[in-house]
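Inside the fold
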Amino acid sequence: MKIKSFILLCFFIISHFYLQGQNIDSLEQLLPQKLNKDKVDVLNQLSSEYCYEGNLQKSRDYADQAILLATEINYIKGLAEATKNTAEYFYELEIFDNSAEYYLKSFDYYQKLNDKENMSYCANVTGICYRKISEYDTAIKYHFLSLQIAEEIQNDNRISAAVYSLGLLYHSIEDFDNALQYYNRSLEYDILNNDSLGMAKSYTNLGLIYKKKNDIKTTIELYNKALDLYKKLNDNLGIAIIINNFGFLYQANKQYTKSIEYFYKSIYYEKLANNNQGIASSFSSIGDTYVLMNELDSALKYQLFALELTKDHDIKKYIYESLSQIYSKKEDYKKALTYHELFVAQKDTIFKLENLKQIADMQTKYQTKKKEEEISELTIQKKIQEINLKKNKIIIYSTIGGLILLIILIFVVLSAYRNKQKINILLMQQNAQILQQKEEITTQRDEIKTQKIDIETKHLQIKASISYAKRIQEAVLPNENFIQTILPQHFILFKPRDDVSGDFYFIKKINNLILIAAADCTGHGVPGAFMSMLGVALLNELIRNTEIQTPAQLLNELRTQIKSSLQQTGRKNEQQDGMDIAFCVINKNTYEMSFAGAYNPCWIFRTEQITDTDNNSTITNTKLITIDADRQPVGIFVKEKQFSEKQFILQKDDVFYIFSDGYESQFGGEKNEKFKVKRLRELLTNICLLPLDNQKEILLQKLATWQKDMEQTDDILIIGVKI
């Protein structure tokens, strides 16, 4: 059966190229017989056929000839097709800026012809070109222009293509909620049009989104639906994409050998599809897998090979980032810096943060725009109907009155006729006013469309900036592998309220001393993140100062530095920014803990074995020891005093916790109240004997049960350590 299928496949492929070759031959024989417009049409057909066959140089030659002749005879349709063929030539060469330029020229020609279907197509592919070179703000303008034109002509295929492209764009900037919305909308059109290829692509991209949301079961279901469709279509590129995605699933599950096996299978199908960028991406994925396996030489070989293959900006960006990390791990910091600079240069979508408040209702405006237009049109039609009804009634009454009065007196008839003329003049004036109002409404609608596109663009800029700020903040926090080496038994529950956090944790090892801090800066989101970055930077600077020996000294100096950095002088109405913090220093050899805190305490749970002589049994008793913090923040304060220091001798199997106030401040429960310190103390008392990983899981489950549908109130941070 497999041999028969292979023979049929080969026959199909050979027949396809044979027929295609015949078509090109017949067109070239026909070319000398044609003149003027007919010759331009044949040149454009040849350009398109050669582009499809992969002979790009001949495709460009025929397109250039078509442009020259069409320009000479002023044949607009021929110019539109020829510039579109040139754009597709540059697209196949992956010179996307030139491709976008020619698609826009083609758009202008189609606009002169009022060919809106091709206008929508050219606008959409222009957006794709700008997305390929990471100019997302320009890309979204052309995607929305394509969608607007497609909706005007009610062309389902073009609408589906535009919303699918918008899904890809939002996916590229990691705005997964909007990406999910547009992918689902595209899938609806694909199902309506029975478009198997479109459905397969939509299932593939929906699977990627659900993978980002950690819904692995739904991801696998969508991937399998897409794979079945690609196999029915004999689409090697689609099969390669799905197999590649399964490779990522195995990689995430730490089945690295299986992951590499699937990436190689993907390369096989990419070669069948002649997709060099896909091959490059798969080789890069193999390199990433070898990094996870800590086989750095193999990882370096595959990443460099992938870099030679690709011209795609997005793929280069990820390869540069991976190479920087590999050379850093190999301690070749010069090359690591070189590739990091290349990575940063690729990321040309880092936008300013000051547009944050301008974007909140962007999506709602787009969804309601069409309804507003329909309401405006209905209002105008209703006014016209009311005026026409009034006009008809007046005419009827005038006519009846005229007939009756005609019998009595001609003079009355003439008088009624004059009244009728006056009424007609009044109606004409009213109609003129209505037309003017309609023009004003149309102008306002166009302004709303322009504002909507501007808001969409600013939203993209802000999303990209916040996403980049989140990665920067994550980079300055201690690495989990480093923490595991110095604190084998620990957990860190870190749950920012927004993308970036005002809480942070700080862990360092200096000789035989381990420094652990949990801090809660003023505010959350972007303002809190700025304070947390300042706090981390100052702590790193202060611990390098050998004159600072104790946690209390460190907090005193940290307060001084924060006041200096924020120019806090104690003036009236001055901003009271600062942080609450719990800071521990533990001597690994003697188990001696030094503690200083600003509002936030340290809780130590100690297990004691008590012998019951009456029953001849042993009872396990858990004892809570609280080390209180000073009631003042690290920052400007009315009653400032020196931070006090507490000493405590830890014992083996002691478990201690430091935390911010985010967990206890969460609203929820049946009465919509705060969780409070008492409940947190009871919860930790009940779980402190469990393994640390289980403790973290229980804390998260309890938080979800308490919070339900409520929004998260504040950033949450809890650190648990077992001695």
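Residues numbered from 1 in each chain as written. Predicted model: local features only at pLDDT ≥ 70, side-chain atom pairs only at ≥ 80, totals over all residues. Heavy atoms only, no water.

**As for the overall build of the protein chain**
Along the protein chain, the regular secondary structure elements total 24 helices and 13 strands. Counting only residues that meet the buried cut, the protein chain has 44% of its 723 residues in that class. Partitioning the contacts of the protein chain with sequence separation of at least 6, the portion at a separation of at least 24 is 64%. Summed over its atoms, the accessible surface of the protein chain is roughly 39,400 Å², and 52% of this surface lies on carbon and sulfur atoms. (Helix = DSSP H or I, 4+ residues; strand = E, 2+ residues; numbered from the N terminus. Buried < 20%, exposed > 50% of the residue type's maximum accessible area, 1.4 Å probe, protein only. Contact = heavy atoms within 4.5 Å. Areas by Shrake-Rupley, 256 points an atom, 1.4 Å probe, with all protein chains shown as cover.)

**Some remarks on the pairing of strand E5 (residues 592–598)**
Along E5, six of the seven residues are buried, which leaves the element largely enclosed by surrounding structure. Sheet topology places strand E4 (residues 578–587) next to E5; six bridges connect them, and they run antiparallel. Looking at the pairing, Ile586 lines up with Met593 of E5. Joining the antiparallel neighbours E4 and E5 is a turn of four residues, in which Tyr591 adopts a positive phi near 65°. Relative to strand E9 (residues 646–649), E5 runs antiparallel, the two being bridged by four bridges. The residue of E9 that forms the bridge with Met593 is Phe648. (Pairing = 2+ DSSP bridges.)

**A closer look at the packing of aromatic side chains**
Considering all chains together, one arrives at 24 aromatic pairs under this definition. Taken together, a centroid distance of 6.3 Å and an interplanar angle of 75° make the contact between Tyr103 and Tyr121 edge-to-face. Separated by 18 residues along the polypeptide, Tyr103 in helix H5 (residues 96–112) and Tyr121 in helix H6 (residues 116–132) bring together distant segments of the chain. Here Tyr164 and Tyr183 contribute two aromatic rings whose centre-to-centre distance is 6.0 Å and whose plane-to-plane angle is 50°, an arrangement assigned as tilted. (Phe/Tyr/Trp six-rings, centres within 6.5 Å; stacked < 30°, edge-to-face > 60°.)

**Considerations on a nonpolar patch on the surface**
A grouping of Ile396, Tyr397, Ile400, Ile404, Ile407, Ile408, Leu409 and Phe411 is seen on the molecular surface, where their side chains present a nonpolar patch of about 930 Å² in accessible area. With six residues, the single largest contributor to the nonpolar patch is helix H18 (residues 362–408). Within the secondary structure, Ile408 is located in helix H18. (Patch = residues over 30% accessible without salt bridge, like charges linked within 9 Å, V, L, I, M, F, W, Y side chains within 5 Å. Salt bridge = Lys/Arg side-chain N within 4 Å of Asp/Glu carboxyl O.)

**Observations regarding the nonpolar core**
With 60 residues, the main nonpolar core has Ile140, Leu147, Tyr170, Tyr183, Tyr203 and Ile242 as its most contacted residues. Per-element tally for this core: the top contributor is helix H8 (residues 156–172), with eight residues. With sequence-adjacent residues up to four places away left out, Tyr203 is seen in contact with Leu187, Leu222, Lys225, Ala226 and Leu229. Residues Ile562, Ile627, Phe643 and Phe656 belong to the second largest nonpolar core, which totals 53 residues. (Core = buried A, V, L, I, M, F, W, Y, C linked by side-chain atoms within 4.5 Å.)

**Regarding the pattern of salt bridges**
Counted according to the given criterion, the structure contains 14 salt bridges. Taking the shortest distance from any N to any O, the salt bridge between Glu541 and Arg544 comes out at 3.0 Å. With relative accessibility at 47%, the residue Glu541 sits in the partly exposed group. Between Asp654 and Arg606 there is a salt bridge whose closest N-O contact spans 2.8 Å. Remark: Arg606 occurs in strand E6 (residues 602–612) and Asp654 occurs in the loop between E9 and strand E10 (655–659); sequence separation between them is 48 residues.

**Examining the environment of Leu513**
Examined against the element boundaries, Leu513 turns out to sit in strand E3 (residues 513–521). Of the residues examined, Leu513 reaches a relative accessible area of 30% and is grouped as partly exposed. Separated by 75 residues in the primary sequence, Leu513 and Lys588 have C-alpha atoms spaced 6.2 Å apart. If near-sequence neighbours (up to four positions away) are discounted, Leu513 is found in contact with Lys508, Val585, Ile586 and Asn587.

**Comments concerning helix H10 (residues 196–212)**
For H10, with 17 residues, the first-to-last C-alpha span of 25 Å sits near the 24 Å given by 1.5 Å per residue. Inspection of H10 places Gly198, Met199, Ala200, Ser202, Tyr203, Thr204, Asn205, Leu206, Gly207 and Ile209 among the buried residues, and these make up the whole buried set. Buried residues in H10 make contact with H8, helix H9 (176–192), helix H11 (216–233) and helix H12 (236–252). You can read the cap of H10 off the contacts: a side-chain oxygen lies 3.3 Å from the backbone nitrogen of Leu197, and it is on Asp195. The positive-phi residue at the C-terminal boundary of H10 is Asn214, with phi of around 65°. (Expected span 1.5 Å × (residues − 1). Polar contact = N/O pair within 3.5 Å; in protein donor to acceptor, adjacent residues only side chain to side chain.)

**Brief notes about unusual backbone geometry**
One non-glycine residue, Lys254, lies in positive phi territory at about 65°. Of note, Lys254 is situated in the loop between H12 and helix H13 (256–272). Residue Lys254 is classed as exposed on the basis of its relative accessible area, which comes to 64%. With phi around 75°, Asp653 is a residue other than glycine that occupies positive phi space. When you line up the elements, Asp653 lands in the loop between E9 and E10. Assessed through its relative accessible area of 42%, Asp653 is described here as partly exposed.

**A short note on the state of the cysteines**
Two cysteines whose sulfur atoms are joined by a covalent bond form what is called a disulfide. Going through the model one piece at a time under the given rule, you end up with zero disulfides. No disulfide involves Cys584; its sulfur sits 4.4 Å from the nearest other cysteine sulfur, which is in Cys602. (Disulfide = S-S within 2.5 Å.)

**Some words on the packing of helix H2 (residues 36–53) against helix H3 (residues 56–73)**
Where H2 meets H3, the axes come as close as 8 Å, and the angle between the chain directions of the two elements is 160°. Taken as axis vectors, H2 and H3 run roughly antiparallel relative to one another. Two packed elements cross with a definite hand, and for H2 against H3 that hand is left-handed. Where H2 approaches H3, its residues Asn36, Lys37, Lys39, Val40, Leu43, Asn44, Leu46, Ser47, Tyr50 and Cys51 are matched on the opposing element by Leu56, Lys58, Ser59, Tyr62, Ala63, Gln65, Ala66, Leu69, Ala70 and Ile73. Here the contact of H2 with H3 is composed, by residue class, of twelve nonpolar, five polar and three charged. (Axes fitted to C-alpha atoms, helices over the stretch in contact; angles between N-to-C directions. Parallel < 35°, antiparallel > 145°, perpendicular 65-115°, else oblique. Left-handed = near helix turned anticlockwise from the far one by under 90°. Nonpolar A, V, L, I, M, F, W, Y, C, P; charged D, E, K, R; others polar.)

**Regarding helix H4 (residues 76–92)**
Between its terminal C-alpha atoms H4 stretches 25 Å, which fits the 24 Å expected from 17 residues at 1.5 Å a residue. For H4, a buried count of 13 out of 17 residues is recorded, marking the element as mostly surrounded by other parts of the structure. Just downstream of H4, Glu94 is the residue with a positive phi angle, here 65°.

**Observations concerning the confidence of the model for the protein chain**
When pLDDT is low, close inspection of the predicted coordinates is not appropriate. When pLDDT is averaged along the protein chain, the result is 85; 89% of the residues meet or exceed 70. When pLDDT is averaged over each element of the protein chain, E10 comes out on top at 98 and helix H1 (residues 2–30) at the bottom at 46. This stretch, residues 1–22, has a pLDDT under 50; its non-local contacts, to residues over four places away or in other chains, come to five contacts. Note that residues 348–369 has pLDDT below 50 and, in this model, 49 contacts with residues that lie over four places away or in other chains. (pLDDT = per-residue confidence, 0-100.)

**Focus on the packing of H11 against H12**
Two elements in contact, H11 and H12, have axes whose closest approach is 9 Å; the angle formed by their N-to-C orientations is 155°. Between H11 and H12, the crossing angle belongs to the class labelled roughly antiparallel. Handedness of the H11/H12 crossing: left-handed. Packed against H11, whose contacting residues are Ile216, Thr219, Ile220, Tyr223, Asn224, Ala226, Leu227, Tyr230 and Lys231, the element H12 presents Gly238, Ile239, Ile242, Asn245, Phe246 and Leu249 at the interface. Partitioning the contact of H11 with H12 into residue classes produces ten nonpolar, four polar and one charged.

**Comments concerning the environment of Thr310**
With respect to the helices and strands, the residue Thr310 is situated in the loop between helix H15 (296–309) and helix H16 (313–329). A relative accessible area of 4% means that Thr310 is categorised as buried. In sequence terms Thr310 and Ala280 are 30 residues apart; their C-alpha atoms lie 5.8 Å from each other. Not counting residues up to four positions away in its chain, the partners in contact with Thr310 are Gln277, Ala280, Ile315, Lys316 and Ile319. A polar contact of 2.3 Å, which involves the side chain of Thr310, links it to the side chain of Gln277.

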